[in-house]
Amino acid sequence: MSSNLNGSAGSRPAPVVRSATEWATIMADFERSGLSQREFCDSRGLSLKTFANWRYRLRPGREGFLRRASRNFQRNKTESNVHKSLI
């Protein structure tokens, strides 16, 4: 039986955290792919549920969301780094 990084056998690996900008790029790749959402997610190792959630968030007319989400992601990333340096 194999184990992942946290040493527990059979549990899922830690999720990958992507910024809104990264998801926007993924959505553009999806639109060009010609694949169904399921096929695209399977080919990229993405969660279909997470993909659908971001597709909804980034639907046309929501450009303001992308700006706010990117700003919040950068702020949270910086706060996380500051917190790690204090430990």
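Definitions and limits used
Residues numbered from 1 in each chain as written. Predicted model: local features only at pLDDT ≥ 70, side-chain atom pairs only at ≥ 80, totals over all residues. Heavy atoms only, no water. Helix = DSSP H or I, 4+ residues; strand = E, 2+ residues; numbered from the N terminus. Buried < 20%, exposed > 50% of the residue type's maximum accessible area, 1.4 Å probe, protein only. Contact = heavy atoms within 4.5 Å. Areas by Shrake-Rupley, 256 points an atom, 1.4 Å probe, with all protein chains shown as cover. Axes fitted to C-alpha atoms, helices over the stretch in contact; angles between N-to-C directions. Parallel < 35°, antiparallel > 145°, perpendicular 65-115°, else oblique. Left-handed = near helix turned anticlockwise from the far one by under 90°. Nonpolar A, V, L, I, M, F, W, Y, C, P; charged D, E, K, R; others polar. Polar contact = N/O pair within 3.5 Å; in protein donor to acceptor, adjacent residues only side chain to side chain. Salt bridge = Lys/Arg side-chain N within 4 Å of Asp/Glu carboxyl O. Phe/Tyr/Trp six-rings, centres within 6.5 Å; stacked < 30°, edge-to-face > 60°.

Student: Residue-level account of the overall build of the protein, with values.
Tutor: On a plain count of helices and strands, the protein comes out with 4 helices and 0 strands. In sequence order, the protein lays out its α and β elements as α-α-α-α. Put simply, the protein has 87 residues, and 16% of those count as buried. Considering only residue pairs separated by 6 or more positions, the protein has 42% of its internal contacts joining residues 24 or more positions apart. Roughly 6900 Å² of accessible area belongs to the protein as shown, and the carbon and sulfur atoms make up 53% of that amount.

Student: Can you tell me about the packing of helix α2 (residues 37-44) against helix α3 (residues 48-57), naming the residues and giving the values?
Tutor: Running from N to C, α2 and α3 cross one another at 120°; their axes reach a closest spacing of 9 Å. In terms of axis orientation, α2 runs oblique to α3. In this structure, α2 crosses over α3, and the sense of that crossing is right-handed. Along its contact with α2, which presents Q37, R38, F40 and C41, the element α3 presents L48, F51, A52 and R55. Considering only residue class, the contact of α2 with α3 consists of 5 nonpolar, 1 polar and 2 charged.

Student: So what's going on with the environment of S43? Residues and values would help.
Tutor: Secondary-structure assignment places S43 in helix α2. At 2.7 Å, the side chain of S43 and the backbone oxygen of F40 are in polar contact.

Student: How would you sum up the pattern of salt bridges? Please name residues and give values.
Tutor: The final tally for this structure, using the stated rule, is 3 salt bridges. R32 serves as the salt-bridge partner of D29, at 2.5 Å between the closest nitrogen and oxygen. Taken together, the residues span about one helical turn, with D29 and R32 both in helix α1 (residues 20-33) at a distance of 3 residues. Here D29 falls in the partly exposed class, since its relative accessible area comes to 21%. Of the charged contacts, one joins E31 and R55 as a salt bridge, the two residues approaching to 3.1 Å between their closest N and O atoms. Separated by 24 residues along the polypeptide, E31 in helix α1 and R55 in helix α3 bring together distant segments of the chain. Since its relative accessible area comes to 53%, E31 is described here as exposed. Residues participating in the shared-partner salt-bridge network are D29, R32 and R44.

Student: Talk me through the packing of aromatic side chains; I want residue IDs and the actual numbers.
Tutor: Applying the stated criterion across every chain yields a total of 4 aromatic pairs. Considering the side-chain rings of F40 and F51, the 5.7 Å spacing of their centres and the 50° angle between planes classify their relative orientation as tilted. With a gap of 11 residues between them, F40 in helix α2 and F51 in helix α3 connect regions that are remote in the sequence. Grouping residues by exposure puts F40 and F51 together as buried. Through pairs of rings, three or more aromatic residues link up here, namely F30, F40 and F51.

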